[in-house]
Amino acid sequence: MGQCPGCGEWNTLVEEAPPPGGSRGSAGRAGSAVRAVTPVALAEVQAPRIPRLKTGIGELDRVLGGGLVPGSLVLLGGSPGIGKSTLTSMALGNLAGAGRRTLYVSGEESAAQIKLRAERLPGAALQVPVVAETDLDTVLATLEAERPEVCVIDSVQTLHAAELSGAAGSVGQVREVADRITRLAKARGIAVLLVGHVTKEGALAGPRVLEHLVDCVLQFEGERERTYRTLRALKNRFGSTNEAGVFEMAGGGLVEVADASARFVGEATRAPGSVVLAAMEGSRPLLVEVQALVSPSELVPPRRIANGIDRNRLALVLAVLGRHAGVGVGSADVFVNVAGGVRVDEPGADLAVALAVASAQRGVVAGDGARPVACFGELGLSGELRSVAHPDRRQAEARKFGLGPVICPDAAPTLRAALSAALPARPRARAA
Ligand code: TYD
Ligand code: MG
């Protein structure tokens with residue numbers, strides 16, 4: 001049925017497989033008496049510490065909270081071409097090299113294609129056993145027979161449950177596939193890395209229920225054309241969701257970028273419209289360059305283009321700049337870009353965007369011209385600067401790379417104060 005007779009919405013009905021062995025609910029169990037269980041005090045619950053499986057990729061292990069937990073389900077989301085298959089192949093390669101039983105199930109690529117990728121990768125990627133299969137029952141039977149310790153399913157959207165008629169990747173299918181894999185993984189102690197697609201809007205495709213079902217949701221983001229990618233935990237039952245890892249796609253697979261700040265600061269231009277943001281990537285400080293360009297426009301309304309920051313956040317910053325700091329961009333186009341394809345999703349980026357736009361609008365280099373200006377802080381709607389998390393770590397990171405004094409809420413209580421600290425007042429700027 002295309003349209004729901006209840007609410008009138010189209011394509012909202014989802015097919016569900018009937019439970020094996022008769023009808024659902026209490027009616028089906030009428031014959032057998034249901035007995036109550038005795039609750040156990042938490043202090044008496046046995047919880048052995050199970051050693052984690054190290055993937056050998058430092059950034060991935062850190063984001064996972066110290067490695068893969070046996071029997072856990074990890075959902076790895078990301079747009080096409082971002083490097084999900086590469087990351088999971090490398091992780092399995094390292095595990096196989098360390099003597100673990102692994103299995104790579106691909107519904108997207110043939111075994112030959114997987115091999116071509118593995119040939120480029122370091123480590124023991126070629127030792128990983130693969131199956132190219134899309135039928136769910138076959139995959140489950142294979143898992144049951146092979147009993148790997150770690151398994152990759154690439155991707156959850158390509159597997160197909162025969163008892164449902166919907167196409168692979170449809171909501172009902174994805175839910176059924178994830179549910180049955182979860183049950184097998186928990187029963188057999190297989191750590192499963194489920195690769196998932198993301199929609200155009202960037203959300204994990206498939207029902208939200210997928211995120212509830214798994215223990216850990218990782219998001220691999222960045223722009224395909226750029227080299228830097230970040231791996232974030234959106235949910236983690238066994239670790240912190242504050243962690244993030246930075247990678248770079250190179251000729252031989254993904255390379256961890258431990259010194260990302262050094263690169264971004266080194267590449268920062270000393271031109272009008274450029275400042276350095278002391279951002280936090282999870283619990284780790286990261287210096288990134290924020291650039292802005294303000295140029296006359298013929299368009300009505302003018303363009304407001306934001307790369308690497310939220311578009312609404314840019315609109316807010318422009319409004320506060322105009323209203324409380326006397327920096328109006330009027331009908332000019334405004335472009336803001338976080339260099340290197342990094343995405344900063346934190347209010348602490350506001351001040352950097354404001355300073356970059358003001359610097360571009362006035363055509364004045366921020367700071368003394370010798371070193372880039374570093375800053376962080378959230379903008380309040382009345383033009384005040386608000387404090388953000390981890391000011392000490394951000395300051396320390398900036399100092400480490402010779403930047404300072406850092407413009408931050410402690411040093412400048414308002415946007416006006418921050419602007420006069422960052423931008424040298426020039427006669428031309430005053431006249432404007
Ligand atoms: P892939 O891991 O297949 O992305 P996903 O599974 O997320 O769709 O590959 C990502 C891109 O990276 C692909 O376009 C090829 C490129 N790539 C490299 O640049 N270097 C490499 O060593 C590998 C394996 C891939
Ligand atoms: Mg892939």
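Residues numbered from 1 in each chain as written. Chains lettered and ligands numbered in written order. Predicted model: local features only at pLDDT ≥ 70, side-chain atom pairs only at ≥ 80, totals over all residues. Heavy atoms only, no water.

Caption draft 1: Fine view of the state of the cysteines. Following the criterion strictly, the structure yields zero disulfides and no others. Cys4 takes part in no disulfide bond, and the closest cysteine sulfur to it belongs to Cys7, at a distance of 3.7 Å. A relative accessible area of 16% places Cys4 in the buried class. Distance from the sulfur of Cys151, which forms no disulfide, to the nearest cysteine sulfur (Cys216) is 16 Å. (Disulfide = S-S within 2.5 Å. Buried < 20%, exposed > 50% of the residue type's maximum accessible area, 1.4 Å probe, protein only.)

Caption draft 2: A look at the site of ligand 1. Taken together, 16 residues sit near ligand 1, with Gly81, Ser85, Thr86, Ala250 and Gly253 positioned nearest. Lys84 is positioned such that a nitrogen or oxygen atom in its backbone is 2.7 Å from an oxygen atom of ligand 1. At a separation of 2.9 Å, an oxygen atom of ligand 1 approaches a polar side-chain atom of Arg117. Protein burial of ligand 1: of its 560 Å² of free accessible surface, 75% is covered by the chains. Mapped by element, the contributors of at least two residues to the shell around ligand 1 are α2 (84–97), α3 (111–120) and β8 (244–250). Considering each element in turn, the shell around ligand 1 owes the most residues, three residues, to α2. Partitioning the shell around ligand 1 into residue classes produces five nonpolar, eight polar and three charged. (Near = heavy atom within 4 Å. Polar contact = N/O pair within 3.5 Å; in protein donor to acceptor, adjacent residues only side chain to side chain. Areas by Shrake-Rupley, 256 points an atom, 1.4 Å probe, with all protein chains shown as cover. Helix = DSSP H or I, 4+ residues; strand = E, 2+ residues; numbered from the N terminus. Nonpolar A, V, L, I, M, F, W, Y, C, P; charged D, E, K, R; others polar.)

Caption draft 3: How the structure looks around the packing of helix α8 (residues 311–324) against helix α9 (residues 350–362). Interaxial distance between α8 and α9 falls to 10 Å at its minimum, and their mutual angle equals 60 degrees. Classed by the angle they form, the pair α8 and α9 counts as oblique. Of the two elements, α8 crosses α9, and the hand of that crossing is right-handed. Two secondary-structure elements touch here, α8 through Arg313, Leu314, Val317, Leu318 and Leu321 and α9 through Asp350, Val353, Ala354, Val357 and Ala358. Of the residues in the contact of α8 with α9, the class split is eight nonpolar, no polar and two charged. (Axes fitted to C-alpha atoms, helices over the stretch in contact; angles between N-to-C directions. Parallel < 35°, antiparallel > 145°, perpendicular 65-115°, else oblique. Left-handed = near helix turned anticlockwise from the far one by under 90°. Contact = heavy atoms within 4.5 Å.)

Caption draft 4: Inspection of a nonpolar patch on the surface at higher detail. On the surface, a nonpolar cluster with roughly 320 Å² of combined accessible area is contributed by Val40, Leu42 and Val45. Within the secondary structure, Val40 is located in the segment before α1 (58–64). Since its relative accessible area comes to 53%, Val40 is described here as exposed. (Patch = residues over 30% accessible without salt bridge, like charges linked within 9 Å, V, L, I, M, F, W, Y side chains within 5 Å. Salt bridge = Lys/Arg side-chain N within 4 Å of Asp/Glu carboxyl O.)

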